[in-house]
Amino acid sequence: LFFFFKTNFKHNQVYRLIPYLLMLVIVMSIGFNVFRTAFFNESADNLSQNVKSTFEYVNGSFVVLGDFGPNIYGQAVYSYLPVKYNQTTPFGWYPGAKNAVYINNFHKNLEGSFYSRNCSNFTENLRIYNATEIITLKGGCDFLQSCGFNQKLKKDYVCLYSRNG
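So, a few notes on the structure that sits alongside this text. Nothing here was measured: the structure is a model prediction, and the numbers come from that model.

## Observations regarding the sheet that holds strand E2 (residues 133–137)
The strands making up a sheet associate through hydrogen bonds between their backbones, and the pairing can be parallel or antiparallel.
Here is step 1 of the chain: Spatially, the 4 strands line up as an open sheet ordered E1-E2-E4-E3, and their pairing is mixed. Strand pairing shows two members of the sheet lacking a second neighbour, strand E1 (62–65) and strand E3 (150–154), which therefore form its edges. Each strand of the sheet is rotated relative to its neighbour by a mean of 20°, with strand direction disregarded.
Here is step 2 of the chain: Summarising the sheet, E1 and E2 pair through 4 bridges and their orientation is parallel. Looking at E2, one finds that Val64 is bridged to Ile135.
Here is step 3 of the chain: Against the sheet, helix H3 (residues 46–54) contacts E2, E3 and strand E4 (158–162), and its axis sits at roughly 25° relative to E4.

This is the structure:
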């Protein structure tokens with residue numbers, strides 16, 4: 001940009017307007033983003049508070065499983081914990097961090113075995129993806145307990161379990 005603004009555009013009147021048009025486009029773009037970008041939703045409902053309270057107890061590679069509703073975006077949790085609490089996840093911070101085959105296998109195998117309530121496949125997939133901590137909702141808590149996982153924390157709506165070895 002420095003060299004662009006230092007260039008002498010005297011030979012044509014249209015070229016003299018380019019730096020000003022560029023500045024106008026930049027200001028319009030920033031203005032558009034300021035008015036169109038949603039603010040961070042800091043939900044105060046019980047479920048959101050329960051989920052946030054589990055974060056400080058996560059100690060290892062984690063996964064988030066279950067339908068947390070519209071107030072909690074699971075992908076945001078995958079980004080928030082690594083940044084705020086220095087945790088890792090086999091899923092990655094965002095889908096672009098892992099290749100598409102890996103992401104599809106993650107959903108198909110790990111989440112599939114969780115939702116079908118298949119303890120042996122779920123445990124094996126946790127081992128394959130090197131996940132040691134699981135954050136889930138009530139129904140998932142019962143499943144994880146029946147599979148023999150260690151309960152680290154249980155709140156009204158959410159729980160945190162860890163994998164044995």
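Now that the structure has been shown, the text picks up again.
## Examining unusual backbone geometry
Here is step 1 of the chain: With phi around 55°, Asn86 is a residue other than glycine that occupies positive phi space.
Here is step 2 of the chain: Checked against the element boundaries, Asn86 lands in the loop between helix H4 (74–85) and helix H5 (100–115).
Here is step 3 of the chain: Phi angles above zero are rare outside glycine, and Asn130 is one such case at about 55°.
Here is step 4 of the chain: Following the sequence through the fold, Asn130 ends up in the loop between helix H6 (119–128) and E2.

Rules used in this analysis
Starting from 1, residues in each chain are numbered consecutively following that chain's sequence as written. Only residues with pLDDT of at least 70 are given local features in this predicted model, and only at 80 or more are side-chain atom pairs given and counted; all residues enter the totals for whole chains, interfaces and linings. Side-chain metrics in this entry use all non-hydrogen atoms of the structure; hydrogen atoms and water are not considered. Pairing between strands is defined by DSSP: at least two bridges between the two strands are required. Where helices and strands are cited, they refer to DSSP runs of H or I of at least four residues and of E of at least two residues respectively, numbered from the N terminus. The convention used is that axes are lines fitted to C-alpha atoms, helices contributing only their stretch in contact, and that angles between N-to-C directions extend from 0 to 180 degrees. Whether two residues are in contact is decided by their heavy atoms: any pair within 4.5 Å suffices.

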